[in-house]
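# Structure at a glance
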Amino acid sequence: MKRVLIGVLTAGLALAAVAAPARCQDKKVSFSLNAGVQTNVWNGSSFDQAVFTLDGRVGIALGKAFEVSPEFMYVFNYGSYFEESGGSLLYPGIMLNYKPGKFFVGLGIVLPWAFFEGENETGNIAPKINVGYKFGKLQVTAYMITWTEEGLDFLDVNWVGLTLGYRF
């Protein structure tokens, strides 16, 4: 199942990347590069570590007020949350955003994919929510990702972040 989801997410991102230049001229597709910071929110240890993130997003318009947004986020030095050195996380995902004017709010899924000490492992599909504001070519986005691993209750392990991006 995880491999199928990874394949679908990769195909969606590739399709969006290929389609974006052609559709950007009529404003039905947008692309943004974003940099930000992410931290943990869980019982007993919240907001005590911060790591940097980079992500790319494609926004494909679905009518006037909605867009589907394939995205790919890279989290640096993920191991620092667990007092280890190194490690990184990839979050391929897809969001459905409602965008009345310059504000937007969205809900979607991401697949946590951890890389550490030469190994890699995927987690369970995780829900993601975001809210943001676009001003000119810039956008700011706040988000929360909730992990849904075995043995965890909903909202036990959360990641929150803030990004600043440039829209092409």
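As the structure is a computational prediction, the values presented were derived from the model and not from experiment. (Residues numbered from 1 in each chain as written. Predicted model: local features only at pLDDT ≥ 70, side-chain atom pairs only at ≥ 80, totals over all residues. Heavy atoms only, no water.)

### Observations concerning the side chain of Thr-39
Filter applied, for reference: Numbered from the N terminus, helices here are DSSP runs of H or I no shorter than four residues, and strands are runs of E no shorter than two. Whether a residue is buried, partly exposed or exposed follows from its accessible area with a 1.4 Å probe, protein chains only, as a fraction of its type maximum: under 20%, in between, or over 50%, in that order. In protein, a polar contact means a hydrogen-donor-capable atom and an acceptor-capable atom, both N or O and within 3.5 Å, with residues adjacent in sequence counting only if both atoms are side-chain atoms; elsewhere, any N or O pair within 3.5 Å suffices.
Relative to the helices and strands, Thr-39 resides in strand S1 (residues 29-42). The exposure class assigned to Thr-39 is buried, which follows from its relative accessible area of 11%. At 2.4 Å, the side chain of Thr-39 forms a polar contact with the backbone oxygen of Gln-49.

### Topic: the nonpolar core
Threshold: The set of buried Ala, Val, Leu, Ile, Met, Phe, Trp, Tyr and Cys residues whose side-chain atoms join them within 4.5 Å is what this entry labels a nonpolar core. The contact definition used throughout considers only heavy atoms, calling two residues in contact when any of these lie within 4.5 Å.
Counting residues in hydrophobic clusters, the biggest one holds 15 residues, and the most contacted among them are Val-75, Tyr-78, Leu-89, Tyr-91, Ile-145, Trp-147 and Trp-159. Taken together, the elements giving at least two residues each to this core come down to strand S3 (66-75), strand S4 (88-98), strand S9 (138-146) and strand S10 (157-167). Each residue touching Leu-89, except ones within four places of it in the same chain, is listed here: Met-73, Tyr-74, Val-75, Tyr-78, Trp-113, Ala-114 and Trp-147.

### Regarding the side chain of Gln-38
Mapping Gln-38 onto the fold places it in strand S1. Classification of Gln-38 by relative accessible area gives buried; the value is 1%. A distance of 2.9 Å separates polar atoms of two side chains, one belonging to Gln-38 and the other to Tyr-143.

### Focus: the environment of Ala-142
Examined against the element boundaries, Ala-142 turns out to sit in strand S9. Its relative accessible area of 31% is what places Ala-142 among the partly exposed residues. Sequence-distant contacts of Ala-142, defined by excluding residues within four places in its chain, comprise Ile-129, Asn-130, Val-131, Gly-161 and Leu-162.

### Here's the deal with the pairing of S3
Stated formally: We call two strands paired when DSSP finds no fewer than two bridges between them.
In this structure, strand S2 (residues 50-62) lies alongside S3, joined through eight bridges in antiparallel fashion. From the neighbouring strand, Asp-55 faces S3, where its bridge partner is Met-73. Between S2 and S3, which follow one another and run antiparallel, lie three residues, and Gly-63 among them has a positive phi close to 85 degrees. Two strands pair when backbone bridges link them, and S3 and S4 are joined in this way by 10 bridges, in the antiparallel orientation. For Pro-70, the partnering residue across the bridge sits in S4 and is Ile-94.

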